[in-house]
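Observations on the three-dimensional arrangement
Here's the letter readout for the chains.
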Amino acid sequence: MAATSKSSLTSRPEWKALSAHYDAIKGTHLRDLFAGDADRGKSMTCEAAGLYLDYSKNRIDNTTMDLLIQLAESAGLKDRIEAMFTGEKINLTEGRAVLHTALRAPKGASILVDGENVVPEVHAVLDKMAAFCDRVRSGDWKGQTGKPIRHIVNIGIGGSDLGPVMAYEALRHFSQRELTFHFVSNVDATDFAEATQGLDPAETLFIVASKTFTTIETMTNADTARQWLLAGTGGDESAIAKHFVALSTNAEKVSAFGIDTANMFGFWDWVGGRYSMDSAIGLSTMLAVGPSGFREMLDGFHEMDQHFRTTSLDQNLPVIMALLSVWYSNFFGCETTAVLPYEQYLSRFPAYLQQLTMESNGKYVTVDGDEVDYETGLIYWGEPGTNGQHSFYQLIHQGTRLIPCDFIAFGKSLNPIGAHQDILIANVLAQSEALAFGKTAEQVKAEGTEDWLVPHRVFQGNRPSNTIFADKMSPAILGKLVAMYEHSVYVQSVIWNVDAFDQWGVELGKVLATNIIPELESATEPDLQHDSSTNELIRRYRAMK
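About the thresholds
- Per chain, residues are indexed from 1 in the order of the written sequence.
- Per-residue local features are limited, in this predicted model, to residues with pLDDT of at least 70; the limit for side-chain atom pairs, both in listing and counting, is 80 or more; totals at the level of whole chains, interfaces and linings are taken over all residues.
- Hydrogens and water molecules were not included; the side-chain quantities draw on all heavy atoms of the structure.
- Secondary structure elements are taken from DSSP: a helix is a run of H or I of four residues or more, a strand is a run of E of two residues or more, and numbering for both begins at the N terminus.
- In this scheme, a helix's expected span is set at 1.5 Å multiplied by one less than its residue total.
- Relative accessible area decides the class of each residue, using a 1.4 Å probe on protein chains only: under 20% of the type maximum gives buried, over 50% gives exposed, and in between gives partly exposed.
- Just to be clear on terms, a salt bridge is a Lys or Arg side-chain nitrogen sitting within 4 Å of an Asp or Glu carboxyl oxygen.
- A pair of strands is labelled paired if DSSP reports no fewer than 2 bridges between them.
- For helices, the fitted line uses only the C-alpha atoms of the stretch in contact; every axis is such a line through C-alpha atoms, and the angle between N-to-C directions lies from 0 to 180 degrees.
- Throughout, a contact is declared for two residues whenever any of their heavy atoms are within 4.5 Å.
- Within this scheme a cavity is a closed region of a 1 Å grid, computed over the protein atoms alone, that accommodates a 1.4 Å probe without allowing it to escape, whereas a pocket is open but has protein on both sides within 12 Å along at least five of seven lines; lining residues each have an atom within 4 Å of a point.
- Grid points are joined across faces, edges and corners, and a volume is the space filled by probe spheres set on the points.
- Here the term charged refers only to Asp, Glu, Lys and Arg, the term nonpolar to Ala, Val, Leu, Ile, Met, Phe, Trp, Tyr, Cys and Pro, and the term polar to all other amino acids, Gly among them.
- An automatic or database domain assignment supplies the residue ranges for each domain.
- The positive count covers Lys and Arg only, the negative count covers Asp and Glu only, and His and the chain ends enter neither.
- By the criterion applied in these results, polar contacts are pairs of N or O atoms within 3.5 Å in which, for protein atoms, one can donate a hydrogen and the other can accept it, and in which residues neighboring in sequence qualify only through two side-chain atoms.

The end-to-end C-alpha distance of helix α19 (residues 475-496), which contains 22 residues, comes to 32 Å, matching closely the 32 Å that a straight helix rising 1.5 Å per residue would cover. With 22 of 22 residues buried, α19 lies mostly within the body of the structure. Following α19 by one or two positions, asparagine 497 adopts a phi angle in the positive range, close to 65°.

Our focus in this paragraph is the pattern of salt bridges. Side chains bearing opposite charge may pair, as long as their charged atoms lie close to each other. A full pass over the atoms with the stated rule returns 21 salt bridges. Here glutamate 203 and arginine 150 are joined by a salt bridge, their closest N and O atoms 2.9 Å apart. Placement of the pair is glutamate 203 in the loop between α8 (189-196) and β7 (204-209) and arginine 150 in the loop between α6 (119-138) and β5 (151-155), with a sequence separation of 53 residues. Judged by relative accessible area, which is 12%, glutamate 203 ranks as buried. Across the pair arginine 226 and glutamate 237 runs a salt bridge whose closest N-O atoms are separated by 2.7 Å. Separated by 11 residues along the polypeptide, arginine 226 in helix α9 (residues 216-232) and glutamate 237 in the loop between α9 and α10 (240-243) bring together distant segments of the chain.

Here we have six strands laid out as an open sheet, ordered β1-β2-β13-β12-β10-β11, and mixed in their pairing. Two strands lie at the open edges of the sheet, namely β1 (45-48) and β11 (379-381), each paired on one side alone. Within this sheet the neighbouring strands show an average axis-to-axis angle of 15°, counted without direction. One ladder, built from three bridges, connects strand β10 (residues 336-341) with β11; its direction is parallel. Directly across from threonine 336, in β11, lies its bridge partner isoleucine 379. On top of the sheet, helix α14 (residues 349-361) reaches β10, β11 and β12 (405-410); it is set at about 165° to β11, its chief contact.

Between the first and last C-alpha of helix α13 (residues 317-330) there are 20 Å, a value that for 14 residues agrees with the 20 Å anticipated at 1.5 Å per step. Of all 14 residues that make up α13, 14 are buried, and the element is covered over most of its length.

Bringing empty space enclosed by the protein into the picture now. Evaluation of the coordinates by the stated rule reveals two cavities of 30 Å³ or more. Computed from the structure, the largest cavity encloses a volume of approximately 120 Å³. The wall of the largest cavity is formed by 15 residues, among which Met321, Ser325, Thr337, Asp406 and Asn466 lie closest to the centre. Listing elements by their share of the lining of the largest cavity, those giving two or more residues are α13, β12, β13 (465-470) and α19. Its residues assigned to classes, the lining of the largest cavity comprises eight nonpolar, six polar and one charged. In this structure, the second largest cavity spans a volume of roughly 40 Å³. Along its surface, the second largest cavity is lined by Leu103, Val122, Val125, Leu126, Trp268, Asp278, Ser279 and Ala280. Grouping the constituent residues of the lining of the second largest cavity by class yields six nonpolar, one polar and one charged.

A volume near 1300 Å³ is recorded for the largest pocket. Counting only elements with at least two residues in the lining of the largest pocket, the list comes to α7 (159-170), α9, α14 and α20 (507-521). Among the elements that take part in the lining of the largest pocket, α20 stands out by supplying eight residues, more than any other. Residue composition of the lining of the largest pocket, grouped by class: 18 nonpolar, 17 polar and 11 charged. Looking at the lining of the largest pocket, you find at least three residues from each of domain 2 (103-289) and domain 3 (508-544).

Here serine 284 shows up in helix α12 (residues 283-310). For serine 284, a relative accessible area of 3% gives the class buried. Once you skip the residues sitting within four places of it in the chain, serine 284 turns out to touch Asn154, Pro164, Phe181, Phe183 and Ile207.

A few words on the pairing of β7. Put simply, side chains in a regular strand alternate between the two faces of the sheet. The element β7 is largely enclosed, with a buried count of six among its six residues. Side chains Thr204, Phe206 and Val208 project from β7 onto one buried face, and the interleaved Leu205, Ile207 and Ala209 project onto a second face that is buried too. Bridging between β5 and β7 involves five bridges; their strand directions are parallel. Residue pairing across strands places valine 153 opposite phenylalanine 206, the latter belonging to β7.

Mapped onto the elements, arginine 40 comes out in helix α3 (residues 40-43). Here arginine 40 is buried and forms no salt bridge, its nearest opposite-charge partner aspartate 37 lying at an N-O distance of 5.3 Å. A polar contact is formed between the side chain of arginine 40 and the backbone oxygen of asparagine 58, at a distance of 2.7 Å. Beyond its immediate chain neighbours, meaning those up to four positions away, arginine 40 contacts Leu30, Leu33, Phe34, Ser56, Asn58, Ile60 and Asp61.

Given below as structure tokens:
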């Protein structure tokens, strides 16, 4: 690797001030921070767009936040936010605008890309999606044999899968239950086989999501779906047009596949895959919750967009969350963040955030191509509460690693049954309290614990967390949550000076896989030119075949 110059971030006076402040505050316990500020639980909160953020249980004081905001200002954050919203080509390595915010802009708005207002085009696609969804949901759209569609199978990968499957699970309560939804992403044949098990081809609609219609995993699964459908409908190729639609921009390849291009729903190169769930990629979501539910979700996105764009940094939800991530990553040396939704409908939300956050900010060079001398890109992971409490919370409470947590909870359940919601919320509040304050050796001894057992029952506490509260799960709230994390990711990238919107790191493995496939399939022994390990593994696999 060629030598590169060091980034200037760590030489900024704002960074150095934070570093000195960290040395002064790093040993301070949350018990002492709360004891010294009776109003901390009220003052370190922020509320906007129907979301309430309590960030008081973080290892910070008012000076910390002031210094973090100064760091953000030194990075020109306000200008960078405006650059994104106004269509500047902030995806520098690909020379593209980044306008997922345009996907949820209201009719009548004007957002220019290369001098053209893209909002009318966005709404034309939304209207086309709505008309199609109304036909399918009403039973007016018929399959080849005249039966209405009952089963929807979304075929995609990455953002074309993670967003739709997360949104479907999150909004299942609002979905049309006469329709079943299935998602295929893995090129492992088991994924397709299990997703289509027991489905009637005559009642099945496939959505193939690939911008270029060349993505190898997606098109392999799409070709298998095509064969499956033809085998189940008598082999008539005209059935393809009744049972397949495309989310793509490649009309030639879509048509060659057998899909009517009238049923092709497009999107734009200024929409990155991991930011695309509210574009045509969300067609399965619209089929599930209906056009009105989908538009409610878009309105939620837009409300958070406006909050992010117009609110001062010190009261800005995505900004506050981003600055805390920078604080823990770059000063405390934290490597991961746990996202812990106390809402079963958000079971796939942590997996969705993994791509959003790690594909965006997993970069070791700045936008200028200089190698960074600081950490970028926290690892995001998590599971719904209370399941996690009985598995990995042990490590968060008493392990040697410091793991900041985002707790997400709701005041009302969509399925109110007995005392379930009170017990659920009691658990989320108890966990954040226990992480922050722990239990001292004196407290353990006072309970009558034998001396030898005391160290095992001590909780050090001082483990940071955010608590995010909303009234109840809804399409609008889902849009607000996703947008909040989207914008938080962008703020982090601005401070770290990396391009959050490219993903060159996924390319090399794809290219190498394309080279290896013919070597695995060759009828004769191939001339292998890989390293000795890869060569031997190829030979072993061929022998196993």
